[in-house]
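Structural description and commentary
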Amino acid sequence: MNEKLSGRVVVVTGAAMGIGKATAIAAAKEGAIVAVCDINEREGQKTVEEIRKAGGKAEFYKLDVSDESQVRDVFERIERNLGDIYGLVNNAGIAGVSKPTHQITLDEWNKVMSVNVNGVFLCTKYAVPSMIRNKKGSIVNLSSIYGLVGAQDVPPYHASKGAVRLMTKTDALFYAKYNIRVNSVHPGFIDTPMVSGFAESTGNKEAIYEALKKLHPMGRLGRPEEVASVIVFLLSDDSSFMTGSEVVVDGGYTAQ
Ligand code: NAI
């Protein structure tokens, strides 16, 4: 079998649901040993069970990516249990409040930054030493179309995803000498619990989905698997000359 990630340890944060879950499953199918990390233990264990049932290798680690002591401890345990980390998918993220800037509290702002920005920083910080040691690694950061273009909603989310886009490029430049590649992925609206939760909270899910579909020239939302396949490509040697790139997966949203 020609598996693209055979025997390589890949950490996926926020892997209990949505894009992270699809990525963990897709990476395991390519032979990766996956550390499924999430604050949601019940759903995270389900991801692990699904991978194992399909013959793949995975372990669950309860982790809040915004907490440095947890990140330090979990990454140490992953290396002890599974081996040196080759791949990191900084996927855990939250949408946060959708209010105009002048109505947002500092706590609401900081909450989004702590997960979406500090989480990427901390997980990268603790994954990189073993990658440097091995002179090999691939980091994939989940930004968004909202890290490329504006819209009239979720100001802290936009700020956080813009930050992730440039954190990716800075790390790509510094770590290139160690053969560690760092790329960002920019999905359009993908049908995950994040988006369905938002749509349901408005009390008119159907209308919101119809409006969201119209924003994409392809006339639909994306599926988590359609982002996961791109992330696996970026993790694998198929993308061996790509670093500092921003890869858009948006059904044409930002082409307009
Ligand atoms: P989701 O809300 O469906 O799943 C996110 C997962 O992250 C959940 O399992 C949740 O428990 C976990 N999580 C949340 N906070 C965490 C923390 N502090 N530590 C560890 N895990 C935590 O989200 P979805 O839609 O799968 O999004 C994944 C990533 O993709 C996020 O970074 C998001 O911003 C980004 N994205 C999503 C898009 C979409 O339309 N769904 C579009 C563009 C980007």
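Residues numbered from 1 in each chain as written. Predicted model: local features only at pLDDT ≥ 70, side-chain atom pairs only at ≥ 80, totals over all residues. Heavy atoms only, no water.

**Some remarks on the overall build of the protein**
Basically, it comes down to this: Secondary structure follows DSSP: runs of H or I at least 4 residues long count as helices, runs of E at least 2 residues long count as strands, and numbering of each begins at the N terminus. The size measure is the radius of gyration over C-alpha atoms, and the globule rule it meets is 2.2 Å times the number of residues to the 0.38 power. Each residue gets one of three labels from its accessible area relative to the maximum for its type: buried under 20%, exposed over 50%, partly exposed in between, using a 1.4 Å probe on protein chains only.
A count of helical and extended segments in the protein gives eight helices and seven strands. Over its C-alpha atoms the protein spans a radius of gyration of 17 Å, differing by no more than 12% from the 18 Å that the globule rule assigns to 256 residues. Projected onto its principal axes, the C-alpha coordinates of the protein cover approximately 45 × 35 × 35 Å. Expressed as a percentage of the 256 residues in the protein, the buried residues total 50%.

**Overview of the site of the ligand**
As a reminder of what qualifies: Consider each residue's heavy atoms; a residue with any of them within 4 Å of a molecule or strand counts as near. Counting of polar contacts relies on pairs of N or O atoms within 3.5 Å, with two restrictions inside protein: one atom must be capable of donating a hydrogen and the other of accepting it, and residues adjacent in sequence are counted only when both atoms are side-chain atoms. Where accessible areas are quoted, they stem from the Shrake-Rupley method and a 1.4 Å probe; at the residue level, only the protein chains shown are allowed to cover. Side-chain classes follow a simple rule in which Ala, Val, Leu, Ile, Met, Phe, Trp, Tyr, Cys and Pro form the nonpolar group, Asp, Glu, Lys and Arg form the charged group, and the remainder, Gly included, forms the polar group.
The local shell around the ligand holds 29 residues, among which D38, N91, Y157, I190 and T192 are the closest. A distance of 2.9 Å is found between an oxygen atom of the ligand and a backbone nitrogen or oxygen belonging to I19. Backbone polar atom of L63 to a nitrogen atom of the ligand: 3.3 Å apart, as the coordinates give it. When the ligand sits alone it has 830 Å² of accessible area, and the protein chains cover 93% of it. Among the secondary structure elements, those contributing two or more residues to the shell around the ligand are α1 (18-29), α5 (155-175) and α6 (193-201). In terms of residue count, the dominant contributor to the shell around the ligand is α6 (three residues). Looking at side-chain class alone, the shell around the ligand contains 17 nonpolar, nine polar and three charged residues.

**Examining the nonpolar core**
For clarity, the threshold we go by: By convention a nonpolar core is built from buried Ala, Val, Leu, Ile, Met, Phe, Trp, Tyr and Cys residues, the set being connected through side-chain atoms within 4.5 Å. Contact definition: two residues touch when any of their heavy atoms are within 4.5 Å.
If you look at the biggest cluster of nonpolar residues, it comprises 30 residues, and the most contacted ones within it are V34, V36, V185, V227 and I231. A per-element tally of this core places helix α8 (residues 224-235) first, with six residues. Apart from residues no more than four positions distant in its own chain, V185 is found in contact with V140, N141, L142, S143, S144, V227, I231, L234, V247 and V249. Grouped together as the second largest cluster of nonpolar side chains are 28 residues, V11, I33, Y126 and I180 included.

**Looking at the sheet that holds strand β2 (residues 33-38)**
The cut-off we apply is this: Here the rule is simple: two strands pair whenever DSSP picks up at least two bridges between them. Note on method: axes are straight lines fitted to C-alpha atoms, helices fitted across the in-contact stretch only, with angles between N-to-C directions ranging 0 to 180 degrees.
Spatially, seven strands are ordered β3-β2-β1-β4-β5-β6-β7 in an open sheet, and the strand pairing comes out parallel. Each of the sheet's edge strands pairs with one partner strand only, and the pair in question is β3 (57-62) and β7 (246-249). The mean angle between the axes of side-by-side strands here comes to 20°, regardless of whether they run parallel or antiparallel. Pairing analysis gives four bridges linking strand β1 (residues 9-13) to strand β4 (residues 85-90), with the strands arranged parallel. Across the sheet, the residue bridging to V9 is I85, located in β4. Packed onto the sheet, helix α2 (residues 41-53) meets β2 and β3 and runs at close to 170° relative to β3. Its contacts with the sheet put α5 on β5 (137-142), β6 (180-187) and β7, and the angle it makes with β6 is roughly 160°.

**Re the packing of α1 against α2**
The condition is simple: Orientation labels follow simple angle bins: below 35 degrees gives roughly parallel, above 145 gives roughly antiparallel, 65 to 115 gives roughly perpendicular, and whatever is left gives oblique. Take the far helix as the reference: if the near one is turned anticlockwise from it by less than a right angle, the crossing is left-handed, and if turned clockwise, right-handed.
Following both chains from N to C, one finds α1 and α2 inclined at 25°, their axes separated by 10 Å at the closest point. It follows from the interaxial angle that α1 and α2 lie roughly parallel. Judged by the twist between their axes, the crossing of α1 over α2 is right-handed. On α2, the residues that touch K21, A24, I25 and A28 of α1 are T47, E50 and I51. For the contact of α1 with α2, the residue count by class is four nonpolar, one polar and two charged.

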